[in-house]
Amino acid sequence: MSQAGLERRRVLAAGGALTIVGLAGLSLPARAAALAATPSMRGGSNNYIPGAPVVEKIGGGGFWMSGTVRRAGDGAPLAGQRIQIWAHTTEGSERDMRSHGATLTDANGVFRLEMPQIVPALGQAHAHLAYDSGEFDTVFLRPLLPSPKATSLEAHFVLQAV
Amino acid sequence: MASARAFLIWTAIGLAVVLPLILAASSEYLAWRDPIYVVAGFAGILALCITPLQPLLVRAWPPGLRLPAGRRLHRAMGTLLVAAVVVHVAGLWVTSPPDVIDALLLRSPTPFSLWGVSAMWAVFTAAILAGFRRRLSPKAWRISHMGLVAIVVVGGAVHALLIEGTMEPVSKIALCALAICMALAGFIAPWLRAGRRTTK
């Protein structure tokens, strides 16, 4: 009974995995053909301080903020784009300059910045991210943490050329 | 025997109000908040703690409480509730002006703030109406006060429940449920009495 159940589960898992791979293969080129720009989120620009410096790490670290930056339309990854990140953390409120920092995307359009643990503030635990460098339309994001205890968060930008 | 019962009831009322405050005071999140933010948060919790008391006081339900004293306490607690909401919003404004401006202009991305802002305006309107109470007919006063109170209690409870903050979750849910149950009991009590009078 348990053997049969296990077997069935394995078959289902393998089938599911194949389906996901198949669908991803089919849908990726189609999606990339007309990738829409990411709209700014309401409240995303709250407590923004322009010009935070590019840093290795904000404060003592421990929390990983990561994501990707791509071009609207063809979805091409954008290298060297400056993303500013700020949040209410264990080391300061989101109004404090020390809670702000910026990072640059790598050759694959991926950014990753270590920062102090985000704590819930004004209702829910959230981070702020901004693209505001002029080459593309400005985008402010304000994603929520899946849980106040989460130690990482992802946010993705699709930018529209000005 | 009667005094033991009275003691137990008053103790239960006291605990229902004080326990959520004590549990919130032991929250780990407080370590990462400015004093003004902490005061603002606790003013909000205090406001929530006052709401289940109001129907009890105005109907003088707890043992030993007479109607005139109950009414006076209800009015005092109502004033304290308005003051707590003012401190709550003002403190949050100092903590993060753009977030509070977004909330007040109803353009905040977080639904909890919409419930909170609704409850805030309802409590302010109830306070202003209370000032003009003598100019209103008893029926108009009762209907408007109950309608506003319903918005205050439901809005305040949903606002609190949606927040990830310093309140301990179980005590928060219990306090919100208590506030809603007490408000309902306060609303239907006169109807029940009237029904009993007419059937006799």
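Residues numbered from 1 in each chain as written. Chains lettered and ligands numbered in written order. Predicted model: local features only at pLDDT ≥ 70, side-chain atom pairs only at ≥ 80, totals over all residues. Heavy atoms only, no water.

Trainee: Tell me about the packing of helix H6 (residues 111-131) of chain B against helix H7 (residues 138-162) of chain B, and please be specific about residues and values.
Mentor: When two helices pack together, their arrangement is given by the angle between their axes and by how far apart the axes lie. All names here are of chain B. The geometry of H6 relative to H7 is characterised by a closest axis approach of 7 Å and an angle of 150 degrees between their N-to-C directions. Classified by the angle between their axes, H6 and H7 sit roughly antiparallel to one another. Where H6 crosses over H7, the handedness of that crossing is left-handed. Per-class residue counts for the contact of H6 with H7 are 16 nonpolar, 9 polar and no charged. (Axes fitted to C-alpha atoms, helices over the stretch in contact; angles between N-to-C directions. Helix = DSSP H or I, 4+ residues; strand = E, 2+ residues; numbered from the N terminus. Parallel < 35°, antiparallel > 145°, perpendicular 65-115°, else oblique. Left-handed = near helix turned anticlockwise from the far one by under 90°. Nonpolar A, V, L, I, M, F, W, Y, C, P; charged D, E, K, R; others polar.)

Trainee: Summarise the pattern of salt bridges; cite the residues concerned and give the values.
Mentor: Side chains that carry opposite charge are capable of pairing whenever their charged atoms lie near each other. Evaluation of the coordinates by the stated rule reveals 4 salt bridges over all chains. A salt bridge links A:Lys149 to B:Glu28, with the shortest nitrogen-to-oxygen separation between them at 2.5 Å. Here A:Lys149, found in the loop between strand S6 (139-141) and strand S7 (152-159), pairs with B:Glu28, found in the loop between helix H1 (2-25) and helix H2 (35-50), and the two come from separate chains. According to the relative accessible area criterion, A:Lys149 is exposed, its value standing at 54%. Taking the relative accessible area as the measure of exposure, B:Glu28 reaches 43% and is therefore partly exposed. Among the ionic pairs, B:Arg107 bridges to B:Asp102, the shortest N-O distance being 2.8 Å. (Salt bridge = Lys/Arg side-chain N within 4 Å of Asp/Glu carboxyl O. Buried < 20%, exposed > 50% of the residue type's maximum accessible area, 1.4 Å probe, protein only.)

Trainee: Before we move on, can you summarise the interface of chain B and chain A with the specific residues and values?
Mentor: Taken together, the contact between chain B and chain A spans 22 residues of the former and 19 residues of the latter. Taking both partners together, chain B and chain A bury about 1900 Å²; carbon and sulfur atoms supply 50% of that area. Interface area lost by chain B to chain A is led by B:Trp32, B:Asp99 and B:Glu164, which between them contribute 33%. There are 1 salt bridge connecting chain B and chain A. For the pair chain B and chain A, the interface holds 11 residue pairs in polar contact (both at pLDDT 80 or more). If one sorts the elements of the side of chain B that touches chain A by residue count, helix H5 (residues 97-104) of chain B sits on top with 4 residues. Residue composition of the side of chain B that touches chain A, by class: 12 nonpolar, 4 polar and 6 charged. (Contact = heavy atoms within 4.5 Å. Buried area = accessible area lost by both parts, 1.4 Å probe. Polar contact = N/O pair within 3.5 Å; in protein donor to acceptor, adjacent residues only side chain to side chain.)

Trainee: Could you give an account of the packing of aromatic side chains, with specific residues and numbers?
Mentor: Within the structure shown, the criterion is met by 6 aromatic pairs over all chains. A ring pair is formed by A:Trp86 and A:Phe140, whose centres lie 6.5 Å apart and whose planes are at 85 degrees; its orientation type is edge-to-face. Separated by 54 residues along the polypeptide, A:Trp86 in strand S2 (residues 82-87) and A:Phe140 in strand S6 bring together distant segments of the chain. As far as burial versus exposure is concerned, A:Trp86 and A:Phe140 are alike and both buried. Ring centres of B:Trp121 and B:Phe124 lie 5.9 Å apart, and the angle between their planes is 85 degrees; on these two criteria the pair is classed as edge-to-face. Note that B:Trp121 and B:Phe124 are positioned in helix H6 at a spacing of 3 residues, about one turn of the helix. (Phe/Tyr/Trp six-rings, centres within 6.5 Å; stacked < 30°, edge-to-face > 60°.)

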